[in-house]
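Listed below are the residues making up each chain.
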Amino acid sequence: MSLLVAALILTVGFAIFSFTGFIQRKLKGGRLPKSLPSFPLIGSLLSLKSDLPPHLLFHKLQKTYGNLFSLMMGSQYVVVVNSQQHAREVLLKKGKIFAGRPSWVTTDLMSRDGKDIAFANYSPTWKFHRKLVYSALSLFGDGIATLEEKICQEATMMCCTFEHLLDSPVDIKPEVTQAVTNVICLLCFNSRYEKDDPEFQNMLDYSQGIVDTVAKDSLIDTFPWLQYFPNESLRTLKRCITVRDILLQKKFEEHKANYSSDSRNDLVNILLKAKMNSENNNSSVGEVELSDDHLLMIVADIFGAGVETTSTVLGWAFVYLLHYPELQRKIQEEIDSNIGFERTPKMSDRSNLHLLHATISEILRIQPVSPLLIPHVALEDCSIGEYTIPKGAHVVINLWAIHHDEKEWKNPDVFDPGRFLDDGGKHIYSPSISYLPFGAGVRACVGEVLAKMQIFLLMSWFFQRFTAEIPPGHPLPDLRGKFGVVLQPAKFKVQLKLRKEWKNRGL
């Protein structure tokens, strides 16, 4: 206990010293963004006390403090960006300057001290790892075409399962998540799971546990010494990470045992080949690091980001189409007119399914899967607009505020896919440059192409065959969402109806 007391005293002293040093630096010159009230040790925590989730609270504070404001999380200086102009400056114009990542207790645990892609600092090693992941999108030989084939294979299995769940209240999330998970499994391991596989259920459980806890308990990440005190969320996170790592280690060992230098049929084999090149001082690899920990954490990233984000977007799609059944009917009519029932949807159909494409775009706008992008860190003294930003500052992009900016979007809180259609009814990427669903710049989402393919194909396959309705006696799904690493919809149930046009095809 005496060690804990000493640590606490040292932390308090350091926090006061850091806070005082920051204030002194502030007074020496440079115009800093307007700040929330701050106090030694606790920083701005009193001003952040609210029942609102952070993205909505920051959006509210924007009215008082402006589009760019600052706060102190303990002794850490944080800048919050709420406008597309400042966001594009951070992400694009000065992307490399703001390409750092914070070191937090929760994310360090999850990434083995930043050995992944999402939470690793910007470096030659990070750039090399990211390049390897990009190469995985073409690892099947035919690239995108073969990825499409794998997604359609999982769409077939998902729809076959749904045909056995008709006309009664059902939670469709497990089936949707299984389809998305199996695509990622094929990409990473060239294997897939059956629904009753206990390993698959373990994956679902640990993934949800991580989403519920990582980077969410801000007090532990703000005051790292709190990790030495009892904390149920931290215990849950550690337990989920242990389960995850056991599963990934098993897959990794299987691949090492069967490795062949000519094998490039999945991400793990690509990573193993790169690692062996690195160990053999291959000049194409250089001095970048690629340890076993790096391999495991890169794969963990692909699962964490690829499964949770895509399945969450699909969850929101069902939520909104339950709220707007007329839109669902129009999407089905569009599918009927352009595809019919003699074949299943393909990626090439996206250029003709304008309303479905616009609906997906609007879902990504109104419910950004990551309403607060993973914080960036300024790697040197710099600026955002007219404001000075000191080296080491954490910069938070409030994507929610940007996607709900009344100056950029007409009636931003209204769900309206029509905003992504031109006068001729054709899909446009965006009516505003403030549309940033996958981020932008050097830290943009590495899985954007794969995510868009899965969302489009799984939705088009589903609505070609089924209609989703509210079960009798059940309320409409909640539109507020559950805040975490991703903004998930609250649990809801649907009643599936097999469309008569699909049932009668070929008769």
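Below you will find a few notes about this structure. (Residues numbered from 1 in each chain as written. Predicted model: local features only at pLDDT ≥ 70, side-chain atom pairs only at ≥ 80, totals over all residues. Heavy atoms only, no water.)

## Thoughts on the side chain of His86
Line of reasoning, step 1. Position of His86 relative to the elements: it lies in helix 3 (residues 84-93).
Line of reasoning, step 2. Residue His86 is classed as buried on the basis of its relative accessible area, which comes to 16%.
Line of reasoning, step 3. Side-chain polar atoms of His86 contact the side chain of Ser83, separated by 3.2 Å.
Line of reasoning, step 4. Filtering out sequence-adjacent residues up to four positions away, His86 remains in contact with Asn67, Leu68, Val81, Ile384 and Gly385. (Helix = DSSP H or I, 4+ residues; strand = E, 2+ residues; numbered from the N terminus. Buried < 20%, exposed > 50% of the residue type's maximum accessible area, 1.4 Å probe, protein only. Polar contact = N/O pair within 3.5 Å; in protein donor to acceptor, adjacent residues only side chain to side chain. Contact = heavy atoms within 4.5 Å.)

## Let's talk about unusual backbone geometry
Line of reasoning, step 1. Non-glycine residue Arg112 carries a positive phi angle of around 50 degrees.
Line of reasoning, step 2. Within the secondary structure, Arg112 sits in the loop between helix 4 (105-111) and helix 5 (124-136).
Line of reasoning, step 3. Judged by its relative accessible area of 23%, Arg112 is partly exposed.
Line of reasoning, step 4. Its identity as a non-glycine residue notwithstanding, Asn411 has a phi of 50 degrees, on the positive side.

## Details of the pairing of strand 7 (residues 394-397)
Line of reasoning, step 1. Alternating positions in strand 7 separate into two faces, His394 and Val396 on one and Val395 and Ile397 on the other, with burial throughout.
Line of reasoning, step 2. Of the pairings in the sheet, the one linking strand 3 (residues 76-81) to strand 7 comprises four bridges and is parallel in character. Across the sheet, residue Val80 finds its bridge partner in strand 7, namely Val396. (Pairing = 2+ DSSP bridges.)

## Topic: the environment of Gly66
Line of reasoning, step 1. Residue position: Gly66 is located in the loop between helix 2 (54-65) and strand 2 (68-73).
Line of reasoning, step 2. In this structure the C-alpha to C-alpha distance between Gly66 and Lys34, which are 32 residues apart in sequence, comes to 7.6 Å.
Line of reasoning, step 3. The residues contacting Gly66, other than those within four sequence positions of it, are Leu61 and Asn82.

## Things to note about the sheet that holds strand 2
Line of reasoning, step 1. Strand order across the open sheet formed by five strands is 1-2-3-7-4, with mixed pairing between neighbours. Whereas interior strands pair on both sides, the edge strands pair on one side only; in this sheet they are strand 1 (34-35) and strand 4 (376-377).
Line of reasoning, step 2. Alignment of strand 2 against strand 3, held across six bridges, turns out to be antiparallel. Among the inter-strand pairings, Phe69 is bridged to a residue of strand 3, identified as Val80.

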